[in-house]
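Close look at the chain arrangement
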Amino acid sequence: MTTEKKKQLESSPENEPNLKGTLISVSVVGIFILVTWFGVFMLFLSR
Amino acid sequence: METATAPAKITNVFTNRGTKELSLPKNERRLVMSYMYVAFISLFIGGLMGLLQVLVRSGSFELPWGINYYTILTVHGVILGLVLTSFFIIGFQNALMGKTVGYSKKQLNWAWIGFAVMTIGMISAAITVLLGKANVLYTFYAPLQAHPVFYIGITLVVVGSWINAFVNFRQFYVWKKNHPDEKSPLLAFMVVINMLMWCIATIGVASAMLAQFIPWSLGYKNTINVLLSRTLFWYFGHPLVYFWLLPAYMAWYAIIPKIIGGKIFSDTLARFSFILFLFFSIPVGLHHQLTEPGLDSTWKFIQVILTFMVVIPSLMTAFSLFATFEITGRKKGYGGLFGWLKHLPWKDVRFLAPFIGMLAFIPGGAGGIVNASYQINTLVHNTIWVTGHFHLTAATTVILTFFGIAYWLIPHLTGRKLTKSVNRLGIIQTILWTVGMLIMSTSMHIQGLIGGPRRSDYSDYGGTAQAAEWGAYQMAQAVGGTILFIAIILMVYIFIKMVFFSPKGEEEFPIAQEEDHAEFTPKWTENWKLWISITIVLILFAYTVPVMDVIQNAPPGSAPFDWPIGNS
Ligand code: HEM
Ligand SMILES: [Cu+2]
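Residues numbered from 1 in each chain as written. Chains lettered and ligands numbered in written order. Predicted model: local features only at pLDDT ≥ 70, side-chain atom pairs only at ≥ 80, totals over all residues. Heavy atoms only, no water.

1. Observations concerning the confidence of the model for chain B
- A residue-level look at chain B finds 97% of positions with pLDDT of 70 or above and a mean pLDDT of 89.
- Taken together, the chains of this predicted complex give a pTM of 0.90 and an interface ipTM of 0.78. (pLDDT = per-residue confidence, 0-100.)

Written out as structure tokens, the structure reads:
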């Protein structure tokens, strides 16, 4: 496993790409899911 | 396109990257096109039924000639939910297999046999539905009983799809044998996963048909175990929706990056998410039966938990897509937090249609999580909310992605070009679909939350106050549905144009490649024995006890109901 890891690291000399926009985008998706769910849950509780 | 392979050394990674592309010979193109014809004819017929449904439900239109609302609803559900989807998918997947691993002559002959069996089955079932002899809706819930030919036809469709699946497995196996140290082409790997899932799932319908529905409808058996038949249906019914979705994911992971001028984000991530979909698509069908009496709530709960596992590969997919867009944009020099959005080819319908499909999956997926949440399900169960939900997931996410595929696949197959004017029509089509669906689906969601039922002819329910609240939403659905129908006409026009009239030429079959320095894909991704074993173990775990229970403590069997709807 460790040798494999090393090999993989060697084979990807580029540095990590900048994925800030991705982080924010997936977070927004996550928050949207939570808001939807809790919205319907409140409706469920109120009935 | 293949990168040179490193000298043979025993490692636990595949050292080749990328996919070598084959070209599709004439006969393979013809096979795929045959599937496409069925798919687009289905789109037209099913869309027409959809239009009639929304008009009837608005209360201002009555079906002529005594046609039963549930006949057209059955046509709509069967022809769009079962026929259009499975024919488009198997056709598309056959194109992917031809392009990545190829067909032998014998394999291609068998693929044609599969197509013939599917088509014969489909036409027989369709005739019974159109004659009103099978008004049982696409879920064919017992004790509603259809004409035996309906059940036999559906069984043949399944058998035909199995023949096709085994051809795909064989193609894959032969390729692997000829390329022992290479990783399989990503798209072929994905097709095999989807067909494996399909084969395991359709055992449910096939056994319900052979052991229950066919003998019962032929009169050899007087009664049917309703609960067992529904459980077997949903054992198939949930993986069915993933059978629709995974081909869309194939395009998102491995085709869209090429269209936007980028690379595959991570080959390993894509494969692993497909493996997780295989695991968690089948042992979860009870989440459609949460209000079904006679099933132990413990097992419903366990399957709800398993259902939520599918959130993992879904969010992996979302992450991977955003990352593809962002990395590609940044490479092209677009900076800032969201500057990379600007590079996306918004004017290319091959991108725009699937992209809107992706967006629709955000509310679609969120709604699905609501549906599957055991207690909250009681709020939406059997309401038109559910219909709103799957018109987002199936009829937008999946269908718009399929349209996005059709814009290049059909011209590629017919040796024509995707012209600028067709591209423009396609963009109009996509916008119409988006607007129509936004109106129809949103009003369905709201009407469902205030109690409006699905699968319901127009009724004022004896003038109750609650039903009066639904009227405006049903009107809105008629408006949205009409826009959608116009979009369907436009799509059929585009299809005809791409098949017969566009100028001759070569249209690209876009298959994305990996980055030159992408990490190597580990060999464990192709440990098929392990993946199949885990899938089977999960199914046995989730289903053995409830199914034994349904058989041993069977409810009294039901005689057939063929009235008011059914076979009458
Ligand atoms: C013109 C476009 C469309 C319109 C106006 C439309 C409208 C409708 C309506 C109003 C219903 C619910 C009727 C009821 O519950 O009584 C329905 C059900 C359904 N639709 Fe559509 N739809 C359209 C396109 C599609 C597409 C493209 C698909 C599939 C890919 C699809 C799949 C389904 C399915 C599976 C059902 C469930 C049938 C059932 O409950 O038995 N629809 N549609
Ligand atoms: Cu489901």
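2. A short note on the pattern of salt bridges
All names here are of chain B.
- A full pass over the atoms with the stated rule returns ten salt bridges over all chains.
- Between Asp-267 and Lys-183 there is a salt bridge whose closest N-O contact spans 3.5 Å. Pair noted here: Asp-267 is in helix α8 (residues 267–281) and Lys-183 is in the loop between α4 (148–178) and α5 (186–217), with a separation of 84 residues, a long-range link. Residues Asp-267 and Lys-183 agree in their burial class; the two are buried.
- In this structure, the salt-bridge partner of Lys-183 is Glu-514, at a minimum N-O distance of 2.6 Å. Of this pair, Lys-183 sits in the loop between α4 and α5 while Glu-514 is found in the loop between α15 (465–501) and β2 (521–522), placing the two residues 331 residues apart along the sequence.
- Look at Lys-183 and you get buried, because its relative accessible area is 2%.
- According to the relative accessible area criterion, Glu-514 is buried, its value standing at 7%. (Salt bridge = Lys/Arg side-chain N within 4 Å of Asp/Glu carboxyl O. Helix = DSSP H or I, 4+ residues; strand = E, 2+ residues; numbered from the N terminus. Buried < 20%, exposed > 50% of the residue type's maximum accessible area, 1.4 Å probe, protein only.)

3. Side note on the interface of chain B and chain A
- Facing 34 residues of chain B, the contacting portion of chain A comprises 26 residues.
- Those elements giving two or more residues to the side of chain B that touches chain A turn out to be α10 (311–331), α11 (349–372) and α12 (377–380) of chain B.
- Take the side of chain B that touches chain A: its biggest share by element is eight residues, from α10 of chain B.
- Taken together, the residues of the side of chain B that touches chain A break down into 23 nonpolar, seven polar and four charged. (Contact = heavy atoms within 4.5 Å. Nonpolar A, V, L, I, M, F, W, Y, C, P; charged D, E, K, R; others polar.)

4. Looking at the coordination of the iron atom of ligand 1
Residue and element names in this part refer to chain B.
- Around the iron atom of ligand 1, the protein contributes the donor atoms His-76 (NE2) and His-391 (NE2), at 2.0 Å from the metal centre.
- Relative to the metal, the six donor atoms surrounding the iron atom of ligand 1 lie at angles of 86 to 179°, and the coordination shape comes out octahedral. With His-76 in helix α2 (residues 69–100) and His-391 in helix α13 (residues 384–414), this pair connects stretches of sequence that are 315 residues apart. (Donors = N, O, S within 2.8 Å, 3.2 Å for Na, K, Ca; no water. Tetrahedral: all angles 85-135°; square planar, octahedral: opposite > 155°, others 65-115°.)

5. A short note on the coordination of the copper ion (ligand 2)
Residue and element names in this part refer to chain B.
- In the first shell of the copper ion (ligand 2), the protein supplies His-238 (ND1), His-287 (NE2) and His-288 (NE2), at 1.9 to 2.0 Å from the metal.
- Donor residues for the copper ion (ligand 2) sit on one chain with the sequence pattern H-x48-H-H. Taken as a pair, His-238 in helix α6 (residues 226–254) and His-288 in the loop between α8 and α9 (297–308) lie far apart in primary sequence, 50 residues in all.
- By relative accessible area, which is 26% here, His-288 ends up partly exposed.

6. Details of the site of ligand 1
Residue and element names in this part refer to chain B.
- With respect to spatial proximity, 25 residues lie near ligand 1, and among them Tyr-69, His-76, His-391, Arg-454 and Arg-455 are the closest.
- Separating an oxygen atom of ligand 1 from a backbone N or O atom of Ser-456 is a distance of 3.0 Å.
- Looking at side-chain class alone, the shell around ligand 1 contains 14 nonpolar, eight polar and three charged residues. (Near = heavy atom within 4 Å. Polar contact = N/O pair within 3.5 Å; in protein donor to acceptor, adjacent residues only side chain to side chain.)

7. Considerations on the environment of Ala-211 of chain B
Residues and elements named next belong to chain B.
- Checked against the element boundaries, Ala-211 lands in helix α5.
- Under the relative-accessibility criterion, Ala-211 is labelled partly exposed at 44%.
- Considered as a pair, Ala-211 and Ser-229 are 18 residues apart in the sequence and their alpha carbons are 9.6 Å apart.

8. Some thoughts on the packing of aromatic side chains
All names here are of chain B.
- On inspection of all chains with the given rule, the structure shows 49 aromatic pairs over all chains.
- Ring centres 6.4 Å apart and planes at 90° place the aromatic pair Phe-274 and Phe-277 in the edge-to-face group. With Phe-274 and Phe-277 both in helix α8 and three residues apart, this pair spans about one turn of that helix.
- On the basis of relative accessible area, Phe-277 is assigned to the buried category, the value being 0%.
- The rings of Phe-140, Phe-150, Tyr-151, Trp-198, Phe-213, Trp-216, Phe-233, Trp-234, Phe-236 and Phe-243 are connected pair by pair, giving a single aromatic cluster. (Phe/Tyr/Trp six-rings, centres within 6.5 Å; stacked < 30°, edge-to-face > 60°.)

9. Things to note about α8 of chain B
- Helix length check: α8 of chain B (15 residues) gives 21 Å between terminal C-alpha atoms against 21 Å at 1.5 Å per residue, within 8%.
- Burial analysis of α8 of chain B places 14 of its 15 residues in the buried class, which makes it a mostly covered element. (Expected span 1.5 Å × (residues − 1).)

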